[in-house]
Amino acid sequence: MTPRTDLLALTPDTLAALANRGLVKRAVKELDAGAGPDVSDDGDGTVRGRFPDGTEAVLPAGADLDAGSCTCGAPGLCRHRIGLVLAYRRAAAGDAAGGAAGAAAGTVPAVPTTAAPDTAAPATAAPATAAPEVTPQDATPPGHAAPAPAAQDRTAPDRAVTDRAATDGPAAPGAPAPGVPSAAVGDWSPGDVDDEALAALVGARAFAAARRSFDRGYTAHVHRPGDGEPAARVELPTCTVRFPVPGELRHAIVDAAAPLRGEMTALAVWAFRAADARGAREPHAHVEVGGRAVLRPAAAAAFGAAAGVVDELLLEGAVHAGPVLGGSLRRVRAELSAASLHWPAEAAEELAEQVEAYAARDARHHPLRHALLLAELHARHRACASPLATGVEEAGETALRRVRLTALGCRISGSRRTGAPPAGGRPGASPNEGWDRTAEVFLAHADARTVLVLRRRWESPEGPAPTGHALASRRLLGTTLGALATANVVTESASRTASRVVSLARSRIAPMSVTPVGDSWSGLSEPLLVRDLGARLHRRDGLPPRPVRPRVAAEDVGVVEVSAVEDVGYDPAEQRLEAVVRDAAGNRALVSAAHNPLAPGALDALAHAMEGRSGEVRFVSGSLRRSGGRIVVEPIAVRTAGTLVVPDLAPDPDPASGDALTPTGITRHPSDPLAEALDTALAALADAAHHGLRHVPPAVRGRLEEAAAHLARTGLTTAAGLVRAFLSVLHSRGPSAAVGPWTDAQLHLLVSVELHEEDLGAGGRR
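Everything numeric in this text was worked out from a predicted model, so none of it was measured.

## Quick notes on the pairing of strand β21 (residues 557-571)
For step 1, the next point in the chain: As paired elements, strand β20 (residues 529-530) and β21 share 2 bridges and run parallel to each other. Residue pairing across strands places Leu529 opposite Val559, the latter belonging to β21.
For step 2, the next point in the chain: Pairing of β21 with strand β24 (residues 617-627), which is carried by 5 bridges, proceeds in the antiparallel orientation. When the sheet's bridge partners are listed, Glu561 is paired in β24 with Phe619.
For step 3, the next point in the chain: By the bridge criterion, 8 bridges tie β21 to strand β22 (residues 576-583) in an arrangement that is antiparallel.

Here you go:
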């Protein structure tokens, strides 16, 4: 009889993702105690298990675990069905060790002799009647019985399938999975499954919803198994889908809530299909799936209105922008969001905050950031035909199923504001002062292999501003910020946005569990756990430029496994701490942190941790980037052998303790003439945008001329020509005509900076 290779592929980790780790541990404990089930096979692939207490669990052939049954009556996936899977796997291992004795006795089915109790079935295991492998080049287009014309897009879902699915409904739980190729699973792709089989699996309603998302267009990151990837995986804008069982979609793990499971599975399959259509099956691919060539009329109108407001802001500048212009930015942000143009909407929101921050004399205003946002909105408008640039038309938030999140630390930001004098106050009265603080808790979603961000903001119009250490004791979600930043969180009341910002809620029905993080970092998988910094950053090199790629929070955050700390230094002039470390692969990296006035104890805590005062440094979480050809880690937290240190929440330093940082100096690296020329030009263009193109002072014009000359001297002639073209148009045709040339120069310089860093990184790998 044919073994259930789908059950053999369900490892304990996969079962924990399908249910929860507690049920798996309990099932394993019962098996170890001899309280496991007697396993039998009906001959049609149905597996049964009878437990010592009389409970009977049944797993029909061709069905997922949820479609199974159990007499225990527990809602959802119970421990008995999990125990039956584990027992079946153990029986397989016993059959391998003892020959065919178990099969002859009729107690267990014959199974591949290479199976092991806690490992997936080997990729070479396939049914005896395996069909020839189907490749993208010679595959029949999904949902069609005969080959389609060469011009037909194989990545598109079959339109006829929806009508059939509407009448046929979901596949029967006991039916074998149709349409799944039975070729060797080593090269299997979820995209090989045809649309008829997909619609039968997910059901008519989910398939139709997925097709609507396909029509709108979306982006996805596709990861194939191998080199640290145990299973095929797709990162969709609002969730992650994994396919742990080769050749089977029924056991797909979707971290969205149950009602969205079928729709997200279909979107993931189409993402793989789009990646397969490229020919070479790359291990990691960023794809754009579906979508129309033009925006819908309402979306195009909203984007056009936003571009007009951005032009006016560029002409007036933050210095001369009044409250009407700020209100216009808020209005177009709402219109963009209503049109499901998420990335432009987020950029418009941030731009509005920059304008308001300048008006309030808030330290959050940065001219360089202001200029970058102006250019980004124009870049996304120019590339509006691509869902990559506009943001997929998905729901603002997606509810997640039961998730386990591992905290990677916390960062504190904020400002002190100085506004206008109090209303009715006497002349010369002190202006109002206020403060705001934002805590960002970084949470690793191990099953989805992504980092989510939980944000909480506090503000007050008066009073002393709290430091990071004071905020650590503030209550948040039934615990404290300090505890949450160093905890494992298990919850069924979570949702996430397309930009990977997560919201958690307290629930009496499904309470949230918060426990110390312990040694959880060591159990993370790549790319969350980084053992080779060079390889991790190399994977990012093929992404589109930042001005048009998805706005994903914590995109560059990871946990670096540290093999050695070579040097720790502090420069009091720059108020910067730097430490040279090596990762597990031997790559050298610079852990660099500047003084944060909102967390005065951060550098002291970081220095003590990196010097090994609380034990050997094992991991550092942080943002990963390149700078001047070096790998730089901006730390969030440090895991030592003794504790987890979150610098931004560390106690404020005690001047009387005599334990202040000792100036030791840090290594000065040679200047980079190309980077200096690019940075100088970007700063000059940002000054022009800050004052407004209608109000560019002569001094700023002079700086722009000098910047163009500097670019030309370093060989960046195209960049120099664009800056000079902007100045020429500004002088000859006026400010309104100079909006386009300013944008051209700004975008060219921004992309040049990215490419220069990538080139330096590639030189470091050679």
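## Focus: the packing of helix α13 (residues 367-382) against helix α19 (residues 673-691)
For step 1, the next point in the chain: Where α13 meets α19, the closest approach of the two axes is 8 Å, and the angle between their N-to-C directions is 80°. On the basis of their axis angle, the class for α13 and α19 is roughly perpendicular. On α19, the residues that touch Pro367, Leu368, His370, Ala371 and Leu374 of α13 are Leu682, Ala683, Ala686, Ala689 and His690.
For step 2, the next point in the chain: Along the lines of polarity and charge, the residues of the contact of α13 with α19 split into 8 nonpolar, 2 polar and no charged.

## Notes on the pairing of strand β5 (residues 218-223)
For step 1, the next point in the chain: The buried fraction of β5 amounts to 5 of the 6 residues, a majority that puts the element mostly inside the structure.
For step 2, the next point in the chain: Across 6 bridges, β5 lies against strand β9 (residues 284-289) in antiparallel orientation. By the bridge assignment, Ala220 is partnered in β9 with Val287.
For step 3, the next point in the chain: Across 3 bridges, the pairing between β5 and strand β6 (residues 232-235) is antiparallel. In the strand pairing of β6, His221 is matched with Glu235.

## Quick notes on the packing of aromatic side chains
For step 1, the next point in the chain: On inspection of all chains with the given rule, the structure shows 4 aromatic pairs.
For step 2, the next point in the chain: Taking the centre distance of 5.6 Å and the plane angle of 75° together, the rings of Phe214 and Trp270 count as edge-to-face. Remark: Trp270 occurs in helix α9 (residues 261-276) and Phe214 occurs in helix α8 (residues 204-216); sequence separation between them is 56 residues. Residues Phe214 and Trp270 agree in their burial class; the two are buried.
For step 3, the next point in the chain: When the centroid spacing of 6.4 Å and the interplanar angle of 75° are considered together, the rings of Phe243 and Phe272 count as edge-to-face. On the criterion of sequence distance, the pair formed by Phe243 in strand β7 (residues 240-243) and Phe272 in helix α9 is long-range, its members being 29 residues apart. One exposure class covers both Phe243 and Phe272, and it is buried.

## Here's the deal with the sheet that holds strand β17 (residues 494-497)
For step 1, the next point in the chain: The antiparallel open sheet is built from 3 strands, whose spatial order is β10-β17-β18. Of all strands in the sheet, those with a lone pairing partner are β10 (397-399) and β18 (502-504), marking the two edges. In this sheet, adjacent strand axes meet at a mean angle of 25° when their direction is disregarded.
For step 2, the next point in the chain: As defined by bridge partners, β10 adjoins β17 across 3 bridges and the pair is classed as antiparallel. The partner of Ala399 across the bridge, within β17, is Ser495.

## Comments concerning unusual backbone geometry
For step 1, the next point in the chain: Between Glu526 and Pro527 the backbone carries a cis peptide bond, its omega angle lying at 5°.
For step 2, the next point in the chain: Along the chain, Pro527 turns up in the loop between β19 (513-516) and β20.
For step 3, the next point in the chain: Positive phi, normally seen in glycine, also occurs at Arg500, with a value near 65°.
For step 4, the next point in the chain: Within the fold, Arg500 resides in the loop between β17 and β18.
For step 5, the next point in the chain: Classification of Arg500 as buried rests on a relative accessible area of 13%.

The rules behind the values
- Residues numbered from 1 in each chain as written.
- Predicted model: local features only at pLDDT ≥ 70, side-chain atom pairs only at ≥ 80, totals over all residues.
- Heavy atoms only, no water.
- Pairing = 2+ DSSP bridges.
- Helix = DSSP H or I, 4+ residues; strand = E, 2+ residues; numbered from the N terminus.
- Axes fitted to C-alpha atoms, helices over the stretch in contact; angles between N-to-C directions.
- Parallel < 35°, antiparallel > 145°, perpendicular 65-115°, else oblique.
- Contact = heavy atoms within 4.5 Å.
- Nonpolar A, V, L, I, M, F, W, Y, C, P; charged D, E, K, R; others polar.
- Buried < 20%, exposed > 50% of the residue type's maximum accessible area, 1.4 Å probe, protein only.
- Phe/Tyr/Trp six-rings, centres within 6.5 Å; stacked < 30°, edge-to-face > 60°.

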